[in-house]
Amino acid sequence: MSIVLSLLDDIAASSGTFDQHFNMVREIFRWIRKANLTLSATKSKFFASTLDFLGHTLTPNGIRPDAMKTHITQNFSHSLPSP
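The present account deals with the structure reproduced in this document. Keep in mind that this is a model prediction, so the values were computed, not measured. (Residues numbered from 1 in each chain as written. Predicted model: local features only at pLDDT ≥ 70, side-chain atom pairs only at ≥ 80, totals over all residues. Heavy atoms only, no water.)

## Details of unusual backbone geometry
If you check the backbone angles, Asn 36 has positive phi at about 55° while not being a glycine. Here Asn 36 is to be found in the loop between α1 (18-34) and β3 (51-53). Of note in the backbone geometry, Leu 54 takes a positive phi value of approximately 55° without being a glycine. Residue position: Leu 54 is located in the loop between β3 and β4 (56-59). (Helix = DSSP H or I, 4+ residues; strand = E, 2+ residues; numbered from the N terminus.)

## Structural notes on the side chain of His 21
Summarising the element assignment, His 21 is placed in helix α1. A relative accessible area of 13% places His 21 in the buried class. A distance of 3.4 Å separates polar atoms of two side chains, one belonging to His 21 and the other to Ser 15. Beyond its immediate stretch of four places on either side in the chain, His 21 contacts Ala 13, Ser 14, Ser 15 and Phe 47. (Buried < 20%, exposed > 50% of the residue type's maximum accessible area, 1.4 Å probe, protein only. Polar contact = N/O pair within 3.5 Å; in protein donor to acceptor, adjacent residues only side chain to side chain. Contact = heavy atoms within 4.5 Å.)

## Comments concerning the packing of aromatic side chains
Evaluated as defined, the whole model comprises 4 aromatic pairs. Through a chain of ring-to-ring contacts, three or more aromatic side chains come together here, namely Phe 18, Phe 22 and Phe 47. (Phe/Tyr/Trp six-rings, centres within 6.5 Å; stacked < 30°, edge-to-face > 60°.)

## Quick word on the pattern of salt bridges
In total, this model carries 1 salt bridge according to the counting rule given. Measuring nitrogen to oxygen at the nearest pair gives 2.9 Å for the salt bridge that ties Glu 27 to Arg 30. Separated by 3 residues within a single helix, Glu 27 and Arg 30 lie in helix α1, roughly one turn from each other. Using a relative accessible area of 29% as the deciding quantity, one classes Glu 27 as partly exposed. Under the relative-accessibility criterion, Arg 30 is labelled partly exposed at 43%. (Salt bridge = Lys/Arg side-chain N within 4 Å of Asp/Glu carboxyl O.)

Limitation: the analysis is restricted to geometry and does not speak to function.
Given below as structure tokens:
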């Protein structure tokens, strides 16, 4: 199964095999070129098995909340100022 997720300027793609993924990335590049858009090489990550995307970590085993985001919320001080 192949999946492409996009929100504003973020794109994530997932495929079952390397060949499927390679073809999908090539197709995404075509879409970007056709729309006269550009990619930032320093912000791009290709052919990774794990990806942090929109506050979540995507892995071959599923999706889970980004550990850094959950760490922040777990350590948030619940004390409110006195009125």
